[in-house]
Amino acid sequence: DRDTSVALWDTGCKETGKILVVSSYWDIKYSAFPPKVIEAVDYAQRNHYELYIGMDSNAHSPLWGSPKSNPRGHTVENILPTLGLTVLNVGNVPTYVENDKATHIDITLTTIKLSTYVNDWHVSQDYSHSDHRVICSTLQSVITDKRCKQTTRKTKWKEFTKLMSERCKSTPHI
């Protein structure tokens, strides 16, 4: 699916464990919530992973800063409890700005457990080379928990380089 990408992040932390990170674009041409996102949620639940989803939803809801809801916004609002997700968006800074048009269509969703470890969610005011603004947040346990230490000393760099080369060859370039 060209509109959804998924990566598994092993944080090495007991509290957050493995996090399925999802980036998704909900094309305005489709009314149904992205099926690949639902598949990712199901996969995460089956494997006991936490979820962090960044989505260009083309949906409006006061839940993530829009002044009003639209039908797509209602779809997201209604599906969140069934998927066990919560919205991280805080405030009403627009996430999409083009000329004189500004909206709140980019949303960040997480599992409820993971949301307790995510801090400082905000829309960056830095230029992003896009009509969408950069959304930032911090995963508390990875940064502040001293038990969550990653070391590159034991990395098998030749295997890593070979694996990445193989994966890059099989990944379509945009």
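Just so you know, the residues in each chain are numbered from 1, in the order the chain's sequence is written. Local features in this predicted model are restricted to residues of pLDDT 70 or higher, and side-chain atom pairs are both shown and tallied only at a pLDDT of 80 or more, whereas totals for entire chains, interfaces and linings draw on every residue. In computing side-chain properties, one takes all heavy atoms of the structure into account and sets aside hydrogens as well as water.

### Remarks on unusual backbone geometry
One non-glycine residue, histidine 48, lies in the positive phi region at around 60°. By definition, any uninterrupted DSSP run of H or I lasting at least four residues is a helix, any uninterrupted run of E lasting at least two residues is a strand, and each is numbered from the N terminus. Residue position: histidine 48 is located in the loop between α1 (35-47) and β3 (50-56). One non-glycine residue with positive phi stands out, namely aspartate 120, at about 55°. By the element assignment, aspartate 120 lies in strand β8 (residues 118-123).

### Overview of the packing of aromatic side chains
Pairing of aromatic side chains here covers Phe, Tyr and the six-membered ring of Trp, requires ring centres within 6.5 Å, and sorts the geometry by plane angle: under 30 degrees stacked, over 60 edge-to-face, intermediate tilted. Inspection of the entire model under this criterion finds 2 aromatic pairs. With a centroid separation of 5.4 Å and an interplanar angle of 70°, the aromatic rings of tryptophan 26 and phenylalanine 33 are classed as edge-to-face. Ring centres of tyrosine 43 and tyrosine 49 lie 6.0 Å apart, and the angle between their planes is 55°; this geometry places the pair in the tilted category. According to the relative accessible area criterion, tyrosine 43 is partly exposed, its value standing at 36%. For every residue, the accessible area obtained with a 1.4 Å probe (protein chains only) is divided by the maximum for its type, and the residue is called buried under 20%, exposed over 50%, and partly exposed between those limits. Since its relative accessible area comes to 16%, tyrosine 49 is described here as buried. One residue, arginine 72, lies across the ring of tryptophan 26, its end atom 3.9 Å from the ring centre. Both a distance and an angle decide whether a charge sits over a ring: NZ of Lys or CZ of Arg must be within 6 Å of the ring centre and within 35 degrees of the ring normal.

### Side note on the environment of tryptophan 64
Counting through the fold element by element, tryptophan 64 comes out in the loop between β3 and α2 (71-83). Along the primary structure tryptophan 64 and valine 90 are separated by 26 residues, whereas in three dimensions their C-alpha atoms are 6.6 Å apart. Once residues within four sequence positions are removed from consideration, tryptophan 64 is found in contact with Ala59, Gly73, Val76, Val87, Asn89, Gly91, His104 and Ile107. Definition of a polar contact: a pair of N or O atoms within 3.5 Å, with one able to donate and the other able to accept a hydrogen when the atoms are protein atoms, and with sequence-neighbouring residues admitted only if both atoms are side-chain atoms. A polar side-chain atom of tryptophan 64 sits 3.1 Å from the main-chain carbonyl oxygen of histidine 104. By definition, residues are in contact when any of their heavy atoms lie within 4.5 Å.

### Observations regarding the sheet that holds strand β2 (residues 18-25)
The criterion for strand pairing is that DSSP finds at least two bridges linking the strands in question. With respect to topology, 5 strands assemble into an open sheet ordered β1-β2-β3-β7-β4, the strand pairing being mixed. Looking along the sheet, the strands with just one partner apiece sit at the ends: β1 (4-10) and β4 (85-87). Strand-to-strand twist of the sheet, defined as the mean angle between neighbouring strand axes without regard to direction, takes the value 20°. Taken together, the 5 bridges between β3 and strand β7 (residues 106-111) define a ladder with antiparallel strand orientation. When the bridges of β7 are listed, tyrosine 52 appears paired with threonine 110. Here an axis means a line fitted to C-alpha atoms, over the contact stretch when the element is a helix, while the angle between two N-to-C directions is reported on a 0 to 180 degree scale. Helix-sheet contacts for α1 involve β1, β2, β3 and β4, and the interaxial angle to β3 is about 170°.

### Overview of the side chain of serine 66
Considering the arrangement of structural elements, one finds serine 66 in the loop between β3 and α2. Under the relative-accessibility criterion, serine 66 is labelled buried at 4%. There is a polar contact of 3.4 Å between the side chain of serine 66 and the backbone oxygen of histidine 104. Setting aside anything within four residues of it in sequence, one finds serine 66 in contact with His60, Ser61 and His104.

### Concerning α1
Across its 13 residues, α1 extends 18 Å between first and last C-alpha, which sits within 8% of the 18 Å expected from 1.5 Å per residue. Looking only at α1, the buried set comprises Val37, Ala40, Val41 and Ala44. In an axial view of α1, the angular spread of the buried residues amounts to 100°, which keeps them on one side of the axis. Exposed and facing more than 90 degrees away from the buried side of α1 are Pro35 and Arg46. On its buried side, α1 packs onto β1, β2, β3, α2 and β4. With its phi angle positive at about 60°, histidine 48 sits one or two positions after the end of α1. Here the expected span of a helix is defined as 1.5 Å times the quantity of residues minus one. Starting at the helix axis, one direction is taken to each C-beta atom, and the arc is that of these directions.

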